Amino acid sequence: MPDSIDLHDLRSLPIEQLIRVADILIEAMPFIRTFRGSTVVIKYGGAAMVKQELKEAVIRDIILMHDVGSRPIVVHGGGKEITSLMDRLGLKARFVGGQRVTDAETLDVAEMVLVGKINSEITSALTRGGAPAVGLSGKDGGLLVAEKLLEPGPTGEPGADLGYVGTVKQVNPAILDALRDKGYVPVISPIGVGEDGQGYNINADTVALEVARAAGARKLIFLTDTPGVLRDPADPRTVIPTIAEDEIEDMIAKGVVSGGMIPKLRSARRALEVCRKVHILDGRVPHSLLLELFTTRGIGTQIARRDVL
Ligand SMILES: Nc1ncnc2c1ncn2[C@@H]1O[C@H](COP(=O)(O)OP(=O)(O)OP(=O)(O)O)[C@@H](O)[C@H]1O
Ligand SMILES: [Mg+2]
């Protein structure tokens, strides 16, 4: 029997292959039941959404999740696209400790890319595919109340001024509840609003964490551009399949993880207050979401409390 099955025309398949398709559906059933009615937050990393065909595979998976009764909430990033538009506009992107220094001009570009482009693309693709979606930023319905990020420096002294970079002060999930009750998939841009109306650019991993907590999500899944958390970031074969929550700070201190992986792991850790497991998966591998959710195949990196592992 061939390794892969072309599902595009089931009528032309020999009976043995059709039986295999049925086996796959049967294997998925208990998982589908488990997630029916459950909220799953999917953080879709900017780096993983560059290629069109990959985007389509991720979108199809989210549509299927919605169709079988689970309740996906999408939070997206877009760091790479913000930098590339800044380049085209002749603006220079600056980073301090992995965070983008955000002056008023950079905030405008971030909002244009995140809200105007990426969010509307995802929302429109989900809706066209049959999962009616609604695009939101933190400004809609007061969803994400932000405050300026004041990151301490290495020895606790005040850190660098990053401008309009925010943290989530509060999530108002009322708009998410209203959309859920009507069967809409919320798609959230990581832009928050301060109590004075000022917009803030927030790391999307942190937004995904806070949304997962506020919505009581069963799972939080980070789709990014690596096969998982790597023991050696230069070697994609070194995926760490399982990380216990209490190992995370040590891995950061030892420099095993750096840059954009740090907010992901810290967010994962805090998300375990509501979720049993958090996953970091390769968004460039077609259907990694479905494999993780609906089959016995564990892929990428899973993070959980030691007593759950
Ligand atoms: N040990 C590690 N294993 C895997 N990736 C690592 C590790 N340490 C650092 N990284 C970096 O983390 C990056 C992923 O974070 P990054 O912020 O770039 O993407 P994202 O969060 O998916 O997208 P966005 O920031 O646009 O939402 C990887 O591309 C890799 O360069
Ligand atoms: Mg990131």
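Just above, that's the structure.
This text gives an overview of the structure that appears in the document. All residue numbers refer to positions counted from 1 along the written sequence of the respective chain. Lettering for chains starts from A, numbering for ligands starts from 1, and both go in the order in which the items are written. In keeping with the predicted nature of the model, local features appear solely for residues at pLDDT of at least 70, side-chain atom pairs appear and are counted solely at 80 or more, and the whole-chain, interface and lining totals rest on all residues. With hydrogens and water set aside, each side-chain value is computed from the structure's full complement of heavy atoms.

Looking at the overall build of the chain
Working step 1: Working definition: helices are DSSP H or I runs of at least four residues, strands are E runs of at least two. Numbering for both runs from the N terminus. Helix and strand counts for the chain come out as nine helices and 14 strands.
Working step 2: Here the globule rule is a power law, 2.2 Å times the number of residues to the power 0.38, and the radius of gyration is based on C-alpha atoms. For the chain, the C-alpha radius of gyration of 20 Å lies close to 19 Å, the compact-globule estimate for 309 residues.
Working step 3: Residue burial is assigned from relative accessible area. The probe radius is 1.4 Å, only protein chains are included, and a residue is buried under 20% of its type maximum, exposed over 50%, and partly exposed in between. Across the 309 residues of the chain, 47% fall into the buried class.
Working step 4: By definition in these notes, contact holds between two residues if any of their heavy atoms fall within 4.5 Å. A sequence separation of at least 24 residues applies to 72% of the contacts in the chain between residues at least 6 apart.
Working step 5: Computing the positive centroid from 37 side-chain charges and the negative centroid from 40, the chain places the two 2 Å apart. Just so you know, the count uses Lys and Arg for positive and Asp and Glu for negative, and it drops His and the chain ends. A charged residue contributes its charge at one atom only: NZ of Lys, CZ of Arg, CG of Asp or CD of Glu.

Some points on the site of ligand 1
Working step 1: Any residue with a heavy atom positioned within 4 Å of a molecule or strand is treated as near that molecule or strand. The environment of ligand 1 is formed by 21 residues, the closest being K43, T224, D225, L230 and K264.
Working step 2: Whenever two N or O atoms come within 3.5 Å, that pair is a polar contact, provided that in protein one can donate a hydrogen and the other can accept it, and provided that, for residues adjacent in sequence, both atoms are side-chain atoms. The separation between a nitrogen atom of ligand 1 and a polar main-chain atom of L230 is 2.9 Å.
Working step 3: Within the backbone of M261, one N or O atom sits 3.5 Å away from an oxygen atom of ligand 1.
Working step 4: In this description, accessible areas are obtained by the Shrake-Rupley approach with a 1.4 Å probe, and a residue is regarded as covered only by the protein chains that are shown. The protein chains hide 80% of the 630 Å² of surface that ligand 1 would expose on its own.
Working step 5: Polarity classes work like this: nonpolar for Ala, Val, Leu, Ile, Met, Phe, Trp, Tyr, Cys and Pro, charged for Asp, Glu, Lys and Arg, and polar for all others, with Gly in that last group. For the shell around ligand 1, a count of residues per class yields seven nonpolar, ten polar and four charged.

Overview of the environment of E151
Working step 1: One can find E151 in the loop between β6 (144-148) and β7 (166-171).
Working step 2: Linking E151 and V239, residues 88 residues apart in sequence, is a C-alpha distance of 30 Å.

With respect to the pattern of salt bridges
A side chain with one charge may pair with a side chain of the opposite charge, provided their charged atoms come close.
Working step 1: Throughout this description, the term salt bridge denotes a Lys or Arg side-chain nitrogen within 4 Å of a carboxyl oxygen of Asp or Glu. Evaluated as defined, the whole model comprises 21 salt bridges.
Working step 2: Of the charged contacts, one joins K117 and E81 as a salt bridge, the two residues approaching to 2.8 Å between their closest N and O atoms. Taken as a pair, K117 in helix α4 (residues 104-128) and E81 in helix α3 (residues 79-88) lie far apart in primary sequence, 36 residues in all.
Working step 3: D177 is paired through a salt bridge with R180; the nearest N and O atoms lie 3.9 Å apart. On the criterion of helical spacing, the pair formed by D177 and R180 is a turn pair, its members being three residues apart in helix α5 (residues 174-181).
Working step 4: A relative accessible area of 31% means that D177 is categorised as partly exposed.
Working step 5: Salt bridges here are not isolated pairs; linked through shared partners, they connect K55, E81, K117 and E121.

Structural notes on the nonpolar core
Side chains of nonpolar character tend, in soluble globular proteins, to be buried together.
Working step 1: Here, nonpolar core means buried Ala, Val, Leu, Ile, Met, Phe, Trp, Tyr and Cys residues that are tied together by side-chain atoms lying within 4.5 Å of each other. By size, the foremost hydrophobic cluster in this structure holds 41 residues, and its most contacted members are V41, I188, V229 and I303.
Working step 2: It is helix α6 (residues 204-214) that provides the largest number of residues to this core, a total of six residues.
Working step 3: Among all residues touching V229, those that are not within four sequence positions of it are T238, V239, I240, I243, M251, V257, M261, L265, I280 and T301.
Working step 4: In this structure, Y44, L114, A125 and L281 belong to the second largest nonpolar core, which totals 40 residues.

A look at the sheet that holds strand β12 (residues 242-244)
Working step 1: Ordered by their spatial adjacency, eight strands build an open sheet running β5-β8-β2-β1-β11-β13-β14-β12, and the pairing between neighbours is mixed. A single partner strand is all that each edge strand has here, and the edge strands are β5 (133-137) and β12. Strand-to-strand twist across the sheet, computed as the mean angle between neighbouring axes with direction ignored, equals 20°.
Working step 2: By the convention used here, strands pair only if DSSP detects at least 2 bridges between them. Note that β5 and strand β8 (residues 185-189) share five bridges and pair parallel. Following the sheet pairing, S137 is matched in β8 by S189.
Working step 3: For helices, the axis comes from a line fit to the C-alpha atoms of the stretch in contact; other axes are also lines fit to C-alpha atoms, and the angle between any two N-to-C directions lies between 0 and 180 degrees. Strands in contact with α4 are β1 (39-44), β2 (71-76), β5 and β8; relative to β8, the strand with the most contacts, it is inclined by about 165°.

Some details on the pairing of strand β14 (residues 301-304)
Working step 1: Residues of β14 alternate between two faces, with T301 and I303 on one and Q302 and A304 on the opposite face, all of them buried.
Working step 2: Of the strand pairs in this sheet, β12 and β14 are connected by three bridges, and their pairing is parallel. By the bridge assignment for β14, I243 is matched with I303.
Working step 3: In this sheet, β14 lies alongside strand β13 (residues 277-282) in antiparallel orientation, the contact comprising three bridges. Paired with I280 across the bridge in β14 is T301.

The values reported here are purely geometric and, on their own, carry no functional implication.
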